[in-house]
Amino acid sequence: MRHIISILIENESGALSRVSGLFSARAFNIESLTVAPTEDASLSRMTIVSVGSDEVIEQITKQLNKLIDVVKVVDLSEAAHIERELMLVKVRATGKEREEMKRIADIFRGHIIDVNESSYVIELTGNTTKLDAFLDAIDRALILETVRTGVCGIGRGDRILRA
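The rules behind the values
- Residues numbered from 1 in each chain as written.
- Predicted model: local features only at pLDDT ≥ 70, side-chain atom pairs only at ≥ 80, totals over all residues.
- Heavy atoms only, no water.
- Salt bridge = Lys/Arg side-chain N within 4 Å of Asp/Glu carboxyl O.
- Helix = DSSP H or I, 4+ residues; strand = E, 2+ residues; numbered from the N terminus.
- Pairing = 2+ DSSP bridges.
- Buried < 20%, exposed > 50% of the residue type's maximum accessible area, 1.4 Å probe, protein only.
- Contact = heavy atoms within 4.5 Å.
- Axes fitted to C-alpha atoms, helices over the stretch in contact; angles between N-to-C directions.

**Q** I keep staring at the pattern of salt bridges and nothing clicks. Help me out?
**A** When their charged atoms lie close together, side chains carrying opposite charge are able to pair. Enumeration according to the criterion identifies 9 salt bridges in this entry. With a closest N to O distance of 3.9 Å, glutamate 145 and lysine 90 form a salt bridge. Here glutamate 145, found in strand E8 (residues 143-148), pairs with lysine 90, found in strand E5 (residues 81-92); they are 55 residues apart in sequence, far enough to count as distant.

**Q** Can you help me understand the pairing of strand E6 (residues 111-115) in this one?
**A** Across 4 bridges, E6 lies against strand E7 (residues 119-126) in antiparallel orientation. Directly across from isoleucine 112, in E7, lies its bridge partner isoleucine 122.

**Q** Sorry, what's going on with the pairing of E7 here?
**A** In summary, the side chains of a regular strand alternate between the two faces of the sheet. Extensive coverage of E7 is indicated by the burial of 6 of its 8 residues. Between E6 and E7, which follow one another and run antiparallel, lie 3 residues.

**Q** Just checking my understanding: could you explain the environment of valine 91 for this structure?
**A** Inspection of the secondary structure assignment puts valine 91 in strand E5. A relative accessible area of 0% means that valine 91 is categorised as buried. Once the C-alpha coordinates of valine 91 and glutamate 145 are considered, the two residues, 54 residues apart in sequence, prove to be 7.1 Å apart. Aside from chain neighbours lying at most four places away, what touches valine 91 is Met101, Ser118, Ser119, Tyr120, Ile122, Ile138, Leu142, Ile143 and Leu144.

**Q** What's the story with the sheet that holds strand E2 (residues 32-37) in this structure? I'm lost.
**A** Hydrogen bonds between backbone groups are what pair the strands of a sheet, and the pairing can be parallel or antiparallel. Taken in spatial order, the 4 strands make up an open sheet running E2-E3-E1-E4, and their pairing is antiparallel. The open sheet is flanked by E2 and strand E4 (70-75), the only strands paired with a single partner. This sheet shows a mean twist of 15 degrees between the axes of neighbouring strands, independent of strand direction. As paired strands, E2 and strand E3 (residues 43-51) are joined by 6 bridges and run antiparallel to one another. Across the sheet, the residue bridging to proline 37 is serine 44, located in E3.

The structure is reproduced here in structure tokens:
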């Protein structure tokens, strides 16, 4: 099962490597990792997407809680949450391809943020499924470059991750 683990961690050097090291030491794959400071400059929020059984994720969560830098750990997948990812895609756009790329970007609520005579850069946000569907909807031969941020997520309603 896919899990989104949100970690509140002290914003200090080496904290990221200790967390990622915990995953690699157990031969556990990180599919996506994002990290940035929070509204409190002394804390960062790390979001890790990984696939594993509930038991394995529970064990990882327990190990994360033992790390000195970790303030709080929550598996967002356990309850209602919102997740988003940003993707930038550079596509070949010449001749009739230009209109087709505009049409597909509009369908997926993407924005063309850079235009030149031979290509577009399209910006899309959404869940992973939506971004994958966009890539499937266009001819793979037209994709010149793709950059994705990885998932960030937040609990819905009263569910808050705070120190």
